[in-house]
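Summary of structural features
For reference, the chains in residue letters:
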Amino acid sequence: MNTGTRRILYVSSTRRPWFEDQSAAVHFANAPYSIDAIGYNLEKLGWEVGWCGWRSSRSPFALARRIDEFKPSIVYTYGSTVALHPLFCRRFLCRHRAFRVVHGWDDHYGRIWGNMFGWPGKVLMDWMEKRIVKNSDAVVTLSYELQKIGRKWGVECKYIPNGADPVENLPRSEKIKLEGRFKVVYTGDKAKWKHTEDVCRAMKGLPEDVKLYLTGKDEDYLMRYASNNCVFLGWLSKEEQYGVMAQADAFVCTSDQDCNAKLQEYLRWKKPILAYDGEPNNFFRNGETALLAKDGDYAPLVMRLAGDPALCRQIAENAARKIPVYSWSEIASQFDEFFGEVAKR
């Protein structure tokens, strides 16, 4: 792609108040992952990066003005509710139309909306999800499962996984000390559709010296599981989070997905991983690079790891050898190359 046209506008449904008005460096400082990390590293590769959150992206008229002002060569849509807006703007509202719309497809939109809003939400978002994927100029996904769905719809989605930077030099706080003979750590979002309740429930019958620690915003529906071996640490600073992760004996990711950002982050620490026995089979080999819980039954797997240090080492070593994990700068380079291919179409 010609250097003069390397301009990308991220169009997202995020409501984060700082999203539209801050530099890529501020984005990375606040959210050192996903599109914020990619945009930050694309800027280092010579891209001009712009940001458009819910304040502007919800209105096709406001979005069209932003596109005309910024004159992007790539509009990268992220989030189901606004992903069709740039296509509408390009056809009906924009003066600047020399851009490609690339969609970042991370989640099953219909399934998530069904879990949150019932069948009306699922029907609506199933319809919209297919329209987004089929009508965008290109689609990037970090899920093998979504890639399969795209093929059923006649769309070949580009697979670029999540990234995770090396952990050796990350700043760590020793403020929080984990206790227990065997310590399992869960990080991040605990929305109901992620099935975090499965692992919390599993801890009820386990010995008190086998402990689950959960970081991130606490959810009221889970607090009834709080106990001596199901410990909610709440929202932590990055330094505290890394300090907790460094003390883990194992990690757990409960969502039925093969693309959760936790997976790459966990793999960097070279500890065994527990996950749901479903779509994660696209990413892991059960019993070899992770242990997958059938029907979300984590209790026997936790106890199996707690009683077998050699198995813990074997699974962690297998995963480190067989599953590549790229830094965010390497992921940005993959996007840079792909955007060049899209521009030539």
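Here is a short report on the structure shown in this document.

1. Notes on the side chain of Asp 198
As for its position among the elements, Asp 198 is in helix H9 (residues 196-202). Since its relative accessible area comes to 15%, Asp 198 is described here as buried.

2. Observations concerning the pattern of salt bridges
Note on pairing: side chains with opposite charge can pair once their charged atoms come close. Going through the model one piece at a time under the given rule, you end up with 20 salt bridges. Between Asp 137 and Arg 90 there is a salt bridge, and its shortest N-O distance comes to 2.7 Å. Of this pair, Asp 137 sits in the loop between helix H7 (119-135) and strand S5 (138-141) while Arg 90 sits in helix H5 (residues 85-93), placing them 47 residues apart in sequence. Here Glu 197 and Arg 201 are joined by a salt bridge, their closest N and O atoms 3.7 Å apart. You can see Glu 197 and its partner Arg 201 sitting in helix H9, 4 residues apart, about one turn around the helix. By relative accessible area, which is 40% here, Arg 201 ends up partly exposed. By sharing partners, the salt bridges in this structure join Glu 197, Asp 198, Arg 201 and Arg 224 into a single network.

3. Some words on helix H13 (residues 309-322)
Compared with the 20 Å implied by 1.5 Å per residue over 14 residues, the 20 Å span of H13 between its first and last C-alpha is a close match. Listed in full, the buried residues belonging to H13 are Leu 311, Cys 312, Ile 315, Ala 316, Asn 318 and Ala 319. Taken end-on, H13 shows its buried residues confined to a sector of 160°, consistent with a single buried face. Exposed and facing more than 90 degrees away from the buried side of H13 are Pro 309, Arg 313 and Arg 321. Looking at the packing, one finds that the buried side of H13 touches strand S7 (182-186), helix H11 (261-268), strand S12 (291-293) and helix H12 (299-306).

4. Some details on the packing of aromatic side chains
Taken as a whole, this structure holds 15 aromatic pairs when the rule is applied. Judged by centre distance (4.9 Å) and plane angle (15°), the rings of Tyr 10 and Trp 51 are stacked. Within this pair, whereas Tyr 10 is found in strand S1 (residues 7-12), its partner Trp 51 is found in strand S2 (residues 48-52), the two being separated by 41 residues in sequence. By relative accessible area, Trp 51 is classed as buried at 2%. Residues Phe 251 and Tyr 266 carry aromatic rings whose centres are separated by 4.5 Å and whose planes lie at 10° to one another, so their mutual orientation is stacked. Placement of Phe 251 in strand S10 (residues 250-253) and of Tyr 266 in helix H11 is noted, with a sequence separation of 15 residues between them.

5. Comments concerning the nonpolar core
One finds Leu 212, Tyr 298 and Leu 305 to be the most contacted residues of the largest nonpolar core, which totals 31 residues. Those residues in contact with Leu 305 that lie beyond four places of it in its chain are Phe 182, Ala 250, Pro 272, Leu 274, Leu 291, Leu 311, Cys 312 and Ile 315. Formed by 27 residues, the second largest nonpolar core is a distinct cluster that contains Val 185, Leu 263, Ile 273 and Ala 319.

6. Description of the sheet that holds S7
One open sheet accounts for 6 strands, arranged S9-S8-S7-S10-S11-S12; its pairing is parallel. Of all the strands in the sheet, the pair left with one neighbour each is strand S9 (230-234) and S12. Strand-to-strand twist of the sheet, defined as the mean angle between neighbouring strand axes without regard to direction, takes the value 25°.

Here is what the cut-offs are and how they apply
- Residues numbered from 1 in each chain as written.
- Predicted model: local features only at pLDDT ≥ 70, side-chain atom pairs only at ≥ 80, totals over all residues.
- Heavy atoms only, no water.
- Helix = DSSP H or I, 4+ residues; strand = E, 2+ residues; numbered from the N terminus.
- Buried < 20%, exposed > 50% of the residue type's maximum accessible area, 1.4 Å probe, protein only.
- Salt bridge = Lys/Arg side-chain N within 4 Å of Asp/Glu carboxyl O.
- Expected span 1.5 Å × (residues − 1).
- Arc of directions from axis to C-beta.
- Contact = heavy atoms within 4.5 Å.
- Phe/Tyr/Trp six-rings, centres within 6.5 Å; stacked < 30°, edge-to-face > 60°.
- Core = buried A, V, L, I, M, F, W, Y, C linked by side-chain atoms within 4.5 Å.
- Pairing = 2+ DSSP bridges.
- Axes fitted to C-alpha atoms, helices over the stretch in contact; angles between N-to-C directions.

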